[in-house]
2 protein chains.
Amino acid sequence: AESLLAFLLLLVGGMFSASTLPPGPLEKVFQYIDLHQDEFVQTLKEWVAVESDSVQPVPRLRRELLRMVGLAADRLRGLGARVASVDAGFQQLSDGQTLPIPPILLAELGSDPKKPTVCFYGHLDVQPARQEDGWLTDPYTLTEVDGKLYGRGTTDNKGPVLAWINAVSAFKALDEDLPVNIKFLIEGMEESGSLALEELVRKEKSGFFSSVDCIVISDNLWISRRKPALIYGTRGNSYFTVEVKCRDQDFHSGTFGGILNEPMADLVALLGSLVDASGRILVPGIYGHVAPVTEEEKRVYEAIDLDVEEYRNSSQVKKFLFDTKEELLMHLWRYPSLSIHGIEGAFHEPGAKTVIPGRVIGKFSIRLVPHMDMSVVETQVKQHLEYIFSKRNSSNQMTVSMALGLHPWIANISDHQYLAAKRAIKTVFGTEPDMIRDGSTIPIAKILQDTTQKSVIMLPLGAVDDGEHSQNEKINRWNYIEGSKLFAAFFLEMAKLHS
Amino acid sequence: AESLLAFLLLLVGGMFSASTLPPGPLEKVFQYIDLHQDEFVQTLKEWVAVESDSVQPVPRLRRELLRMVGLAADRLRGLGARVASVDAGFQQLSDGQTLPIPPILLAELGSDPKKPTVCFYGHLDVQPARQEDGWLTDPYTLTEVDGKLYGRGTTDNKGPVLAWINAVSAFKALDEDLPVNIKFLIEGMEESGSLALEELVRKEKSGFFSSVDCIVISDNLWISRRKPALIYGTRGNSYFTVEVKCRDQDFHSGTFGGILNEPMADLVALLGSLVDASGRILVPGIYGHVAPVTEEEKRVYEAIDLDVEEYRNSSQVKKFLFDTKEELLMHLWRYPSLSIHGIEGAFHEPGAKTVIPGRVIGKFSIRLVPHMDMSVVETQVKQHLEYIFSKRNSSNQMTVSMALGLHPWIANISDHQYLAAKRAIKTVFGTEPDMIRDGSTIPIAKILQDTTQKSVIMLPLGAVDDGEHSQNEKINRWNYIEGSKLFAAFFLEMAKLHS
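Named according to an unreviewed UniProt entry, chain A is Carnosine dipeptidase 1 originating from Bos mutus grunniens.

See the structure below:
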C-alpha cells in the first residue's frame, strides 16, 4: 500500500511539475527525490520526534535541543560535509539559572573556486506545543493526513532544512557533481531571539562567510496554498513606550477622582493622537521618507495570486481597511503601520477595580519600510507626543522611549539569486513565483546582510495555511518534496548564472 | 511609669477637651473613660491580635474571623446586651471551595419606649496585612509609639466599635442610666463586600430596625489630624465597560498591521472622548442633574479646615487641577468625576510584544453626586460612545455595559442625629466639626438608609493620617479615648433632642 501511495503521490506531484522534465543531471535528481520521498518523510519524522523547544527554559527540553543539533550534525557529516559545531556559551535566565545555548553548526561541502557558494541558513528549534492546546495529533509524532504532514517544526523550520539536505543528498547519491559549493549555518535558538548568532556571524565574516555568494533563508511561507513565492523585503519595527507618571503609587478614584490630571487620561489622549480611524499615522512627517510607489512595483502586486475574500474569511475579519488586493498588499508590505499594543501599569484584570493608576506606560510600534530612517522616526514620534502632551497642560511627567529598533530589509530582485530562484521555480512548478514581502520583521535577514555584506534571499517552501507557531502545524508532502527539487534546481541555476 | 503615662495622657486629653466639663452624669463618664483608658487600649490590643482578615479566602483566617465575632459577642453580653448571632450562610469561592460567612451580630441594650434608640453599625474584619509589606511593627500586635496605636484594624474598624462599647460600658460601670436604647449591627465581611448583610437588614426591617431612630456609622476618617468631622454625603459610582472586538484571537502586528481597524485604536479614541484635560466630563448632558451649588453650601466648604499645600504634599502630587480649598472639595465631593481604570485584553506586561489585541475592554467609572440619575447617566454614556464609535466607521463591534451602579448618599444635616453629634463634638472637643463628605462610595450607608428607611449618620473618630487599608494603620490614643467620650456625649444629646 505504501508503494502504491508513493506512486500516486508521484503522479500528483508530477501533475504540478513542469510537463517536461529538464534534461541532464536535474532530471535524474528529480526522479531520485520522487522515488525516495518516503525516506525523506521518515527523516523528517525522526527530526520532529525530538522536542527541540528553545522557548521553555527547562533542562529536559534543552537536552532535547542539543540532541537535535547533534542529529543534524551527523546528517551533514553523512553528506560528506565538514561540520564545525561552534560552542555558543550559556543562556542566563532571569531566575539566575543557566542553560547551555546549543552549538551553532557551520558546515561546508565543496570549495571549488570555479563554483558559486550558496549558504543555507536554518534553525532546528521549535515553538512549544502541547496536544491539549488543540492539536488533533501528537505534535511530536509526524502524522500524515491527506498529504499533510502534521507535527511541530514540520514547516518551521525542520522541513525546509531537510529539503535543502535532501537536494544535496540526491546529487551525492547519484554521484552527480554538485553545481555549487554548499555551506550551512544552522542554529538552535531562533525561536528565542537567535542568541549568540550575530556575534558568531560577525566573527566569521572574513572566515566562513568570505567565500559565500548568497545566503538562502527558507523560514517563511508563500502567500498562497499552491503558488510558490519569493520574498524580497520585510518591514522593520520601532517599538515605543510612553510613560505618564503622576506618582508611583496608585490612587483610589473615590478619594482623588476629580482633582487630578489622571495619567490614564493623558495617556489615552497621547495614544489617540497617533493614528486615525483609516489607519493613517498622524505623526507629522512620518511618510516623508517612504519610497514612492513605482509603476513596476504596482505590476508586482497585480501579478500576485491573492483571493481577497478567502484571505478575509480565513483571517476571521469582517472587513479590512481596504478592498483591493493591491491596496491590502501595499499596506501590509510597503507602507508603515502603527499598532497600539497595550498599557502597563493600569488595571488589566477581569472585574471592576476603582483605581486611578499613578503611573502608566503605553506601548505602540511602527512597522518601518524603505527608506524610513529609524532615528528620524524616533525624533518625529517624540516631538509629536511632546507637542500633544504640552497642549494638555498636564502636571504629570511624560517620558517617550524607543525600546527597540529593527531596520526594514529589502533585496534587489535583479540580483543573481532572485533570477536563479525564479528560474528554478519555473522549472519545478511551471509558473512564475508571487514576488512578495513579509510585513513582519525578520531580523536575521538584515543581520546576515549587514554583517556579512552578502546577498540574502528568502526562498520559502511552505503554503500559507501551514500554521507555523500554531496548533496543527504542518507541511504538505507536496511542498516538502517539490521544495527539495526546487533547491536542487536552484543550485543549477546559480551555477549557470555564475559561469 | 504606666500610671504616670496615664496621668500625662489624661492631662493632654484634657487640653483638647472643653475647658469645663459638663455637670452631671457625663462628667463622671468622662472621668471614668480617662481613668480606664489603659483597659480600653488593652481590649483593643486583644482584638487587634485576632487576624480577622476577610479578604484572603483561607480557612485559617476565616476561623480567626469567626473567633473575633465570638469575642465581640461575649463583650456585648458582658455589657448586659441581648445578642443574636445570626447565621449568614456560606461564601462560594470561584474555585468551588466554600467558606462560612461569619454570623452577623444583632445586639440590644435597653428598650425604654421613652428613650430614642440609636443603632451602631460596625465591622470586625480587616484588610490583609503582612509585616514584610512595609509595616514597622507587627500588624497584629498593637504597638503604641508617641500616642499612636499601630495595628491592623485599629482605625478600621475595631477601634471605633470598641469606642462605642467603651462609652456604653462607662455608663454601666458607673451604674448611670443609659440615656438611649442601644443597638448594635456588627458584621465580619465589610472588607469583602458585606456579604449577606443587605439580605439580613431587609429581613429585619420590621423587626430589629423598627424601633431604631438612627444608625451611626463610624467607618471613615476626619479630613484633619486634630479637628473632628461629620460626614453627610458620599458619592455613588457607575462603572462602565466598553468592549471593542474584531475577533477573539489576537493578531500579529507584522502580519496584519496596516489593514485592520485595530480594536485598540478604536478603544483609545472612545476612552479619549470621555474627559478633557481639565477633568471635565465630555459626555453630553452629564452635568444636567447635578445639584446647583447654594450659598449655604459654599459656606460649609469655606469653614472646613484644610491646608491645601499640606494636603498636596502628603498626596505626593505635584499639582492638583484646582488651587483653592473650595474648588478641590467641591470636585471631590459634589461634582461627578470620571476615571479611566485600565484595559483588559491588551498587552499589559513589561517588555515589548508586537500584538494587535483582537478584543479589548476599556474600564472607566463615573462618581455620581446628587441628584444624578443612574439610569440617565447610563443612557448618556452609551449614546455618547455609540456616537463617537459611529463617526469612526469602524468594522469592529462595540458593546458598552454598566457593570456596577451604586447611588450617591446624602443626609439632611438638620436631622436630629447631626444636631446631636455637633453638640457632642462641641462638648468633647470644644469646636464645631468639619462638615464633610466622602468622595468614595460607601454602599452600606445608602443600603441601610434605603432598606430601613431610618436616618443614617457618619460619625468618624479617626484622623486623616490613620492609613486605613495601608501599611502602619493606626488610631491615635487620643482619638480613641476622646471618641469614646464623644459617643457618650452623643447618647445624651440624642436623648435631649428626643424629649
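Text resumes after the structure shown.
Glancing now at the pattern of salt bridges. All names here are of chain A. Tallying each qualifying case throughout the model produces 64 salt bridges over all chains. A salt bridge links Asp466 to Lys474, with the nearest nitrogen and oxygen atoms 2.8 Å apart. One network of salt bridges, in which partners are shared, links Arg225, Asp465, Asp466 and Lys474.

Residues and elements named next belong to chain A. The element strand β8 (residues 181-187) is largely enclosed, with a buried count of 7 among its 7 residues. Covered by surrounding structure in β8 are Asn181, Lys183, Leu185 and Glu187 together with Ile182, Phe184 and Ile186, the residues of both alternating faces. Where strand β4 (residues 104-109) lies against β8, 5 bridges are found, and the strand directions are antiparallel. Within β8, the residue paired with Leu109 across the bridge is Ile182. In terms of strand pairing, strand β5 (residues 117-123) meets β8 through 7 bridges, oriented parallel. Each residue of the ladder has a partner; that of Phe120, found in β8, is Phe184.

With that settled, consider the sheet that holds strand β16 (residues 397-406) of chain A. All names here are of chain A. Strand order in this open sheet of 4 strands is β13-β15-β11-β16, and the pairing throughout is antiparallel. Each of the sheet's edge strands pairs with one partner strand only, and the pair in question is β13 (337-344) and β16. Averaged over all pairs of adjacent strands, the angle between their axes in this sheet comes to 20°, without regard to strand direction. Where strand β11 (residues 236-245) and β16 come together, 9 bridges link them in antiparallel fashion.

Before going further, it helps to spend a moment on the domain arrangement of chain A. All names here are of chain A. Split into domains, chain A comes out as domain 1 (2-234 + 409-498) and domain 2 (236-291 + 334-406). Distance from the C-alpha centre of domain 1 to the C-alpha centre of domain 2: 40 Å. Each side of the interface is counted separately: domain 1 has 7 residues, and domain 2 has 6 residues. At the boundary of domain 1 with domain 2, the tally comes to 0 salt bridges.

Moving on: the sheet that holds strand β20 (residues 474-476) of chain A. All names here are of chain A. Read across the open sheet, the 3 strands follow the order β6-β7-β20; overall the sheet is antiparallel. In this open sheet, the two edge strands, each paired with only one partner strand, are β6 (143-145) and β20. With strand direction ignored, the average angle separating the axes of adjacent strands in the sheet is 25°. Summarising the sheet, β6 and strand β7 (residues 148-150) pair through 3 bridges and their orientation is antiparallel. Within β7, the position partnered with Glu144 by the bridge is Leu149. Of the strands in this sheet, β7 and β20 touch helix α5 (residues 154-173), which is tilted by about 45° from β20. Its contacts with the sheet put helix α15 (residues 477-498) on β6, β7 and β20, and the angle it makes with β20 is roughly 65°.

Listed by partner, the interface residues are 66 residues for chain B and 66 residues for chain A. Regarding the contact of chain B and chain A, the summed buried area is about 5,200 Å², with carbon and sulfur atoms giving 55% of it. When the buried surface of chain B facing chain A is broken down by residue, Ile259(B), His341(B) and His348(B) rank first, second and third, together holding 12% of it. Linking chain B with chain A are 0 salt bridges.

Here we take up the UniProt feature "binding site: Mn(2+) 2" (unreviewed entry) in chain A. Residues and elements named next belong to chain A. As recorded in UniProt, the feature "binding site: Mn(2+) 2" (unreviewed entry) lies at His123, Asp156 and Asp219. For the annotated residues, spread through 97 residues, the largest C-alpha to C-alpha distance comes to 8.5 Å, consistent with a single compact locus. Following the sequence through the fold, Asp156 ends up in helix α5. Residue classification places Asp156 among the buried positions, given a relative accessible area of 4%. When near neighbours in sequence (up to four residues on either side) are disregarded, Asp156 contacts His123, Asp125, Val126, Glu191, Asp219, Glu468, His469 and Glu473. Within polar-contact distance, the side chain of Asp156 engages the side chain of His123 at 3.0 Å. For Asp219, the position within the fold is in the loop between β9 (214-217) and β10 (229-234). Among the residues examined, Asp219 registers a relative accessible area of 12% and is labelled buried. Not counting residues up to four positions away in its chain, the partners in contact with Asp219 are His123, Asp156, Asn157, Glu190 and Glu468. Within the local environment of Asp219, its side chain forms a polar contact with the side chain of His123, the two groups lying 3.3 Å apart.

About the criteria used
- Residues numbered from 1 in each chain as written.
- Chains lettered and ligands numbered in written order.
- Predicted model: local features only at pLDDT ≥ 70, side-chain atom pairs only at ≥ 80, totals over all residues.
- Heavy atoms only, no water.
- Salt bridge = Lys/Arg side-chain N within 4 Å of Asp/Glu carboxyl O.
- Buried < 20%, exposed > 50% of the residue type's maximum accessible area, 1.4 Å probe, protein only.
- Helix = DSSP H or I, 4+ residues; strand = E, 2+ residues; numbered from the N terminus.
- Pairing = 2+ DSSP bridges.
- Axes fitted to C-alpha atoms, helices over the stretch in contact; angles between N-to-C directions.
- Domains from an automatic or database assignment.
- Contact = heavy atoms within 4.5 Å.
- Buried area = accessible area lost by both parts, 1.4 Å probe.
- UniProt positions renumbered as here; feature names shortened; annotations may be inferred.
- Polar contact = N/O pair within 3.5 Å; in protein donor to acceptor, adjacent residues only side chain to side chain.

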